[in-house]
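# Fold and contact review
Here are the chains, one letter per residue:
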Amino acid sequence: ENVQFGISPQGNLENNEMINADVYTWCAQAGYIDYVCPQLYYSLDNPALTFEDSLTAWSELDINKSVKLYVGLAGYKANSDADEGTWLYSNNILADEYKTAVNNEKVSGIMLYSYSALKDENASTEIANLTKAMSNNLDAENQTTVPIQ
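In this report, we go over the structure that sits alongside the text. (Residues numbered from 1 in each chain as written. Predicted model: local features only at pLDDT ≥ 70, side-chain atom pairs only at ≥ 80, totals over all residues. Heavy atoms only, no water.)

## Side note on helix H3 (residues 51–59)
Regarding H3, the residues found buried are Phe 51, Ser 54, Leu 55, Trp 58 and Ser 59. The buried side chains of H3 occupy one side of the element, clustering within an arc of 135° when seen end-on. Each element contacted by the buried residues of H3 is listed here: helix H1 (13–18), helix H2 (23–28), strand E2 (35–36), strand E3 (68–74), helix H5 (93–102) and strand E4 (107–113). (Buried < 20%, exposed > 50% of the residue type's maximum accessible area, 1.4 Å probe, protein only. Helix = DSSP H or I, 4+ residues; strand = E, 2+ residues; numbered from the N terminus. Arc of directions from axis to C-beta. Contact = heavy atoms within 4.5 Å.)

## A word on the packing of H3 against H5
H5 packs onto H3 with a crossing angle of 20° between their chain directions and a minimal axis gap of 11 Å. For the element pair H3 / H5, the angle class is roughly parallel. Two packed elements cross with a definite hand, and for H3 against H5 that hand is right-handed. Contact residues: H3 offers Phe 51, Glu 52 and Leu 55, while H5 offers Glu 97, Thr 100 and Ala 101. Residues that form the contact of H3 with H5 fall into these classes: 3 nonpolar, 1 polar and 2 charged. (Axes fitted to C-alpha atoms, helices over the stretch in contact; angles between N-to-C directions. Parallel < 35°, antiparallel > 145°, perpendicular 65-115°, else oblique. Left-handed = near helix turned anticlockwise from the far one by under 90°. Nonpolar A, V, L, I, M, F, W, Y, C, P; charged D, E, K, R; others polar.)

## Let's talk about the sheet that holds strand E1 (residues 6–7)
Read from one edge to the other, the open sheet built from 4 strands follows the order E1-E2-E3-E4, with strand pairing classed as parallel. Each edge of the open sheet carries a strand with a single partner, namely E1 and E4. Of the pairings in the sheet, the one linking E1 to E2 comprises 2 bridges and is parallel in character. Note on E2: the bridge partner recorded for Gly 6 is Tyr 35. H5 rests against E3 and E4 of the sheet, and its axis sits at about 170° to E3. (Pairing = 2+ DSSP bridges.)

Encoded structure:
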């Protein structure tokens, strides 16, 4: 009764189609999943697909009101040369992606992959900036997130 079942498909919707992962049906029809957490593991400047473009695509999907949309963030890429080195452009990428996600009315929250990023020295500044953005986004009275202005 209290168990939630969800999936974490690729962030690129076209890639999901190529592997026959029918995220369109799973998201649109009640009963398949309780939540979807696409792996939006792209930097803001990724030349192949940006975080914002992928988030827009997922936000425009027909998602049943019983299905929550969470955004998967790539903590493991922080301060790395991934995505043609675009994760080295800034140490605020995850914080900026978090702000973009929580300001999207269709997004219910974020999930960070992977736990090891929280302990990774190379990612420490990026993770600290994400933590600060999340802390600044709490309503002190009821400890819930509020949109960032």
